[in-house]
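# Chain and residue survey
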Amino acid sequence: MSYYGLNRFLYDLRTVEARAAYQADPASVLAAQDLTDAERALVEALDFNGLADAGANTYLIPNLGKAADVSFPEIGARMRGETAEQWAESMRRQNERIAPFALHPEEAVHG
Amino acid sequence: MGEIIAGIGVSHAPSIASARAAGQTDDPAWKPLFDAFDHVRRGLLDERPDALVVIYNDHAEEFFLDRCPTFAIGVGERFPVRGHDEPLPPVPGHRELAMHIATAAIDAGIDFTVCHEQGVDDGVLVPLPLIDDEWQFPVVPICVNVVWEPRPSPARCFAMGEAVGAAIRSFPDPMRVAVVATGGLSHTLVGPGFGSVQPEWDRRFLRQMAEAPDELRAYTMAELEQQAGHEGVEVVQWIAMRGALGACRPTYTCYHPYRMTGYAVASYHPSNDHEVSKV
């Protein structure tokens, strides 16, 4: 595992120019990185959970998503193993469950 | 002498800025949260602190793995904007207060990385326009590393807050400070639990902030990660703020669980403050 190399690669993808270079020739860009073969495979497969398990930072994974035209909500759905529709339904159900826990000002606790 | 007039806790999820930009502040799904931010904003206008000490975390925008401070304090005159969508001017600093806090805290064993240049990201820039829309109050930014291993323990964050609180109180001239913690509450942005919120834990945490600071510093980072969610660990900033306050009481609490985040806005005031505060 190359914790630093993997995150360095993802961090460097934060600029539009770097993402364009990656899109134009992913194989060359990847070959130049300090990554293990397993990490390169995770990047190429857009295996977002696998990347997270390998130490990729939560806030840098979306840079790879942008380079591969995968939106942040779509990354989330893929991490959950859901389609966009299933993800929307999961959120709707969760919202129903969590809403009653709200504490709004008129009912808020004042010391 | 310096004085902490209030502690404030606010979420900093970028979804808040997106909802605001989309004109959804009066949407019933968002209004309770924006009303809470506005309550804090009006309170600050009434109480007119001389400075805000803002305890936040960076999101791999300003501090990357090449060199990542555990605790950083910005002592510059202004702090540039990093990784934020809205066009915001740099945030004004308070060099004198910041240097005093850095010096006193380091003397007390909290070894801040002292930054004359420190860009600030969503951790500051999502909530700040909602509680100070005209950059009226100078800011001392304190960044806690919660996104790179190894991370400071909740107990260590509480101790950092205690040192910051003592430093503020030892400021030689009159100085009224509000300590603002940003982040939280529960959320997870990675893995099969992406998007999950833990409202039972969030309510418990708010109770602990109000009544049981010893329970806050007893958490391990692993427990926070399990209970508040992978990204919810940023509540250590609230824990640091609670450490700075000492004896205090909650004066305002809004909890708004919605979609992917347990949003919260809360105020605390020193217990010896007899006036009913507006913050």
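Given the structure is predicted, the values throughout are model-derived calculations rather than measurements.

## Here's the deal with the overall build of chain B
Assigned secondary structure in chain B consists of ten helices and ten strands. The C-alpha radius of gyration computed for chain B amounts to 17 Å, which stays within 12% of the reference 19 Å derived for 279 residues, consistent with globular compactness. Classification of the 279 residues of chain B by burial places 62% in the buried group. Within chain B, residue pairs in contact and separated by at least 24 positions form 79% of the contacts whose partners lie at least 6 positions apart.

## Topic: the overall build of chain A
Summing up its helical and strand segments, chain A has eight helices and zero strands in all. If you list the helices and strands of chain A from N to C, you get α-α-α-α-α-α-α-α. In summary, chain A has a C-alpha radius of gyration of 18 Å against a globular reference of 13 Å for 111 residues, an excess of more than 25%. The long-range fraction of contacts in chain A, counting pairs at least 24 apart against all pairs at least 6 apart in sequence, stands at 54%. About 5800 Å² of surface is accessible on chain A, with carbon and sulfur atoms providing 54% of the total. If the 10 positive side-chain charges of chain A are averaged to one point and the 17 negative ones to another, these points end up 3 Å apart.

## Comments concerning the interface of chain B and chain A
Counting residues at the interface gives 37 residues for chain B and 31 residues for chain A. Carbon and sulfur atoms make up 63% of the area that chain B and chain A hide from each other, which totals about 3200 Å². At the boundary of chain B and chain A, one finds one salt bridge. A salt bridge links R97 of chain A to E200 of chain B; the shortest N-O distance between them is 2.9 Å. Across the chain B-chain A interface, the total number found is twelve residue pairs in polar contact (both at pLDDT 80 or more). Of the residues contributing to the side of chain B that touches chain A, the split by class is 19 nonpolar, nine polar and nine charged.

## Structural notes on empty space enclosed by the protein
Residues and elements named next belong to chain B. Applying the stated criterion across every chain, the model contains one cavity of 30 Å³ or more. The computed volume of the largest cavity comes to approximately 50 Å³. Taken together, N57, D58, F63, C68, P69, C143, V144, N145, V146, V147 and W148 form the lining of the largest cavity. A class-by-class count of the residues in the lining of the largest cavity yields eight nonpolar, two polar and one charged.

## What about the confidence of the model for chain B?
Reading fine detail from the predicted coordinates is not recommended where pLDDT is low. Residue and element names in this part refer to chain B. Mean pLDDT over chain B stands at 96; residues scoring 70 or higher make up 97%. Here residues 274–278 scores under 50 on pLDDT; set against residues more than four positions off or in separate chains, the count is seven contacts. Of the two predicted TM-score estimates for the complex, the pTM is 0.96 and the ipTM is 0.93.

Cut-offs and rules
- Residues numbered from 1 in each chain as written.
- Chains lettered and ligands numbered in written order.
- Predicted model: local features only at pLDDT ≥ 70, side-chain atom pairs only at ≥ 80, totals over all residues.
- Heavy atoms only, no water.
- Helix = DSSP H or I, 4+ residues; strand = E, 2+ residues; numbered from the N terminus.
- Rg over C-alpha atoms; globule rule 2.2 N^0.38 Å.
- Buried < 20%, exposed > 50% of the residue type's maximum accessible area, 1.4 Å probe, protein only.
- Contact = heavy atoms within 4.5 Å.
- Areas by Shrake-Rupley, 256 points an atom, 1.4 Å probe, with all protein chains shown as cover.
- Lys, Arg positive; Asp, Glu negative; His and termini not counted.
- Charge placed at Lys NZ, Arg CZ, Asp CG, Glu CD.
- Buried area = accessible area lost by both parts, 1.4 Å probe.
- Salt bridge = Lys/Arg side-chain N within 4 Å of Asp/Glu carboxyl O.
- Polar contact = N/O pair within 3.5 Å; in protein donor to acceptor, adjacent residues only side chain to side chain.
- Nonpolar A, V, L, I, M, F, W, Y, C, P; charged D, E, K, R; others polar.
- 1 Å grid on protein atoms, 1.4 Å probe; cavity = no way out; pocket = protein on both sides within 12 Å on 5 of 7 lines; lining within 4 Å.
- Points joined across faces, edges and corners; volume = space filled by probe spheres on them.
- pLDDT = per-residue confidence, 0-100.

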